Amino acid sequence: MKLPEIRENITLAKNRLAGINPEIKCYLVVMINGRQFSVQDFEPGNSACSKLLEFPDVFLPNQNIQAIVSIDKKNKTQKNHLEQSWNELRTSLEELELFEPIIELRFYNLDMEKIQEIKGHPLIQTLGKTVISPASINVVIA
């Protein structure tokens, strides 16, 4: 899955979260191949998306990631990031295939009753990716 598709999933997750309107404070995270990222890391034009290059295991195999890593290192070592290098990096990142992400909820407080209510919401139930067990706090929203 490419970054534009991940952004679409994040938008879908935000809309679902708004539809659920939980009584407990929570936020979205993007999980890719066991690594957790902030949804802000995926915003278009955000240089934080280059953070993905620190975790090559989030990318599908057989892609030339090293060439992109070298562009990123060049940007980090120069005091003034070259606009051309950043554009090249951003364009290259947009074309890479990542493992399919899972967008989950994280909670500021562990109110198990309210978490269970969210897990029982039809928008969560239709996905079928959340374990309903009361022992689990994992809530997959997209």
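See the structure shown above.
Everything in this summary refers to the structure shown in the same document.

### A few points about the nonpolar core
Step number 1: Grouped together as the largest cluster of nonpolar side chains are 38 residues, with contacts concentrated most on Phe42, Phe59, Leu93, Leu105 and Ile141.
Step number 2: Those elements giving two or more residues to this core turn out to be α1 (3–20), β1 (26–32), α2 (65–77), α3 (83–95), β3 (102–107) and α4 (112–119).
Step number 3: By residue number, the principal contributor to this core is α1, which donates six residues.
Step number 4: Setting aside anything within four residues of it in sequence, one finds phenylalanine 59 in contact with Leu52, Leu53, Ile65, Leu93, Leu96, Glu97, Leu98 and Phe99.

### Regarding the sheet that holds strand β2 (residues 35–38)
Step number 1: Spatial strand order, β2-β1-β3-β4: four strands in an open sheet with antiparallel pairing. Both edges of this open sheet fall to β2 and β4 (139–140), since each of them pairs with a single strand only.
Step number 2: With six bridges connecting them, β1 and β3 associate as antiparallel partners. Counted as the bridge partner of methionine 31 is isoleucine 102 from β3.
Step number 3: Lying over the sheet, α1 contacts β1 and β3, oriented at roughly 150° with respect to β1.

Conventions we followed
Residues numbered from 1 in each chain as written. Predicted model: local features only at pLDDT ≥ 70, side-chain atom pairs only at ≥ 80, totals over all residues. Heavy atoms only, no water. Core = buried A, V, L, I, M, F, W, Y, C linked by side-chain atoms within 4.5 Å. Buried < 20%, exposed > 50% of the residue type's maximum accessible area, 1.4 Å probe, protein only. Helix = DSSP H or I, 4+ residues; strand = E, 2+ residues; numbered from the N terminus. Contact = heavy atoms within 4.5 Å. Pairing = 2+ DSSP bridges. Axes fitted to C-alpha atoms, helices over the stretch in contact; angles between N-to-C directions.

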